Amino acid sequence: MSTAGKTAGDAIDALAGLAPDSPLAAIRDRKPVTRDQAQASYRALFRPADETDVTRLERHAVAAFVAGLHADPDATAFYAAALPADLAATIAAEAGKARTTGPYGAYPPGPLSREDVAGPVYRPADLDPRLGAALAHVHMLVFHPRDARPEHLQALLDAGWSNTGIVTLSQLTAFLAFQIRAAAGLRVLARTPA
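Just so we're clear, the structure is a prediction, and the values are computed from it rather than from any experiment. (Residues numbered from 1 in each chain as written. Predicted model: local features only at pLDDT ≥ 70, side-chain atom pairs only at ≥ 80, totals over all residues. Heavy atoms only, no water.)

### Thoughts on the pattern of salt bridges
Condition: For this analysis, a salt bridge means a side-chain nitrogen from Lys or Arg found within 4 Å of a carboxyl oxygen belonging to Asp or Glu. For every residue, the accessible area (1.4 Å probe, protein chains only) is compared with the maximum for its type, and the residue is labelled buried under 20%, exposed over 50%, or partly exposed between those bounds.
Considering all chains together, one arrives at 10 salt bridges under this definition. Among the salt bridges present, the one from Arg35 reaches Asp29, with a minimum N-O distance of 2.9 Å. Here the two residues Arg35 and Asp29 agree in accessibility, since each one is buried. The residue Arg56 makes a salt bridge to Glu51 at a minimum N-O spacing of 3.3 Å. Take Arg56: its relative accessible area is 35%, and that puts it in the partly exposed class. By sharing partners, the salt bridges in this structure join Asp10, Asp13, Arg28, Asp29 and Arg35 into a single network.

Structure, rendered in structure tokens:
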């Protein structure tokens, strides 16, 4: 039996504002493997045993930025809470400058090319090069998923990211897309009359 929903430590419940004894938490408890795996993914990404390639501070800064790109104030605040105030303010400002709609990108020449959409590419200014490269990478994943090129990965390597660190940044971005949407859906359900 899952214990994740019975504690205050469930990240999706926290983001959705669910009390452990709420009807929606009870519904989530009916899928204990799903709940436990989502929380295990959160722990693996944000409470790692090894911070060699990506520190917890970097993970939370990237998460606050991605949440800001998704225009989710609850998730932004959740992840920014682990940051020093000056860094949280910088990340919030950068997310505000980088937020757009999308997705953008170009398909290889062929029938899908008619769906090509040009869009802005985020280039951070006045940031630590390592953090700036990470934010540019996750912006690309969020808004330009089909535009990834070897030179984008090389920019991360040049800024000091390891291959493992680059994979972790990408995993964070993918996980946050899931987590933010799951929490948003639960918030909508919580506001919906039965």
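### Regarding the nonpolar core
Heads up, the condition is: Residues belong to one nonpolar core when they are buried, are Ala, Val, Leu, Ile, Met, Phe, Trp, Tyr or Cys, and are joined through side-chain atoms within 4.5 Å. Numbering of helices and strands runs from the N terminus, with a helix taken as a DSSP run of H or I at least four residues long and a strand as a DSSP run of E at least two residues long. Residue contacts follow a heavy-atom distance rule, with two residues in contact if any of their heavy atoms lie within 4.5 Å.
Within the largest apolar cluster, 48 residues are counted, with the highest numbers of intra-cluster contacts made by Phe46, Phe65 and Ile91. For this core, the secondary structure elements donating two or more residues are α1 (11-16), α3 (32-46), α4 (56-69), α5 (73-80), α6 (85-98), α7 (129-143) and α9 (163-191). Residues contacting Phe65, with those up to four places away along its chain left out, are Ile91, Glu94, Ala95, Ala98, Tyr122, Leu135, Val138 and His139.

### Looking at the environment of Ile27
Relative to the elements of secondary structure, Ile27 occurs in helix α2 (residues 23-29). Judged by its relative accessible area of 44%, Ile27 falls in the partly exposed class. For the pair formed by Ile27 and Leu176, sequence separation is 149 residues and the distance between their alpha carbons is 22 Å.

### Observations concerning the packing of α7 against α9
Applied cut-off: Between N-to-C directions, angles cover 0 to 180 degrees, with each direction set by a line fitted to C-alpha atoms, over the stretch in contact for helices. Relative orientations are named as follows: roughly parallel for angles under 35 degrees, roughly antiparallel for angles over 145 degrees, roughly perpendicular for angles from 65 to 115 degrees, and oblique for any other angle. Take the far helix as your reference; a near helix turned counterclockwise from it by less than a right angle gives a left-handed crossing, and one turned clockwise gives a right-handed crossing. Gly counts as polar in this scheme, as do all residues outside two lists: the nonpolar Ala, Val, Leu, Ile, Met, Phe, Trp, Tyr, Cys and Pro, and the charged Asp, Glu, Lys and Arg.
It is at 10 Å that the axes of α7 and α9 come closest, and there the two elements cross at 45°. The angle between α7 and α9 places the two elements in the oblique class. Both α7 and α9 take part in a crossing whose hand is right-handed. On the side of α7, the interface is formed by Ala134, His137, Val138, Leu141 and Val142, while α9 contributes Ile166, Leu169, Ser170 and Thr173. Of the residues belonging to the contact of α7 with α9, the class tally is six nonpolar, three polar and no charged.

### Looking at the packing of aromatic side chains
Put simply, the test is: To pair, rings of Phe, Tyr and Trp, with the six-membered ring standing in for Trp, must have centres within 6.5 Å; the planes then decide the type, stacked if under 30 degrees apart, edge-to-face if over 60, and tilted in the middle. A ring is considered to have a charge above it if a Lys NZ or an Arg CZ atom is located within 6 Å of its centre and within 35 degrees of its normal.
Using the criterion set out here, one finds six aromatic pairs in the structure. One aromatic cluster is present, formed by Tyr42, Phe46, Phe78 and Tyr79 through successive ring pairs. For Arg130, the ring lying beneath its charged end belongs to Trp161, and the centroid distance is 3.6 Å.

### Description of the confidence of the model for the chain
Filter applied, for reference: pLDDT measures how confident the predictor is about each residue, on a scale from 0 to 100.
Averaged over all residues, the pLDDT of the chain equals 92, while 95% of them reach at least 70. Across the chain, α4 holds the top mean pLDDT of 98, while α2 sits lowest at 89. Under a pLDDT of 50 for its full length, residues 1-7 has, in the predicted model, 13 contacts with residues more than four places off or in other chains.

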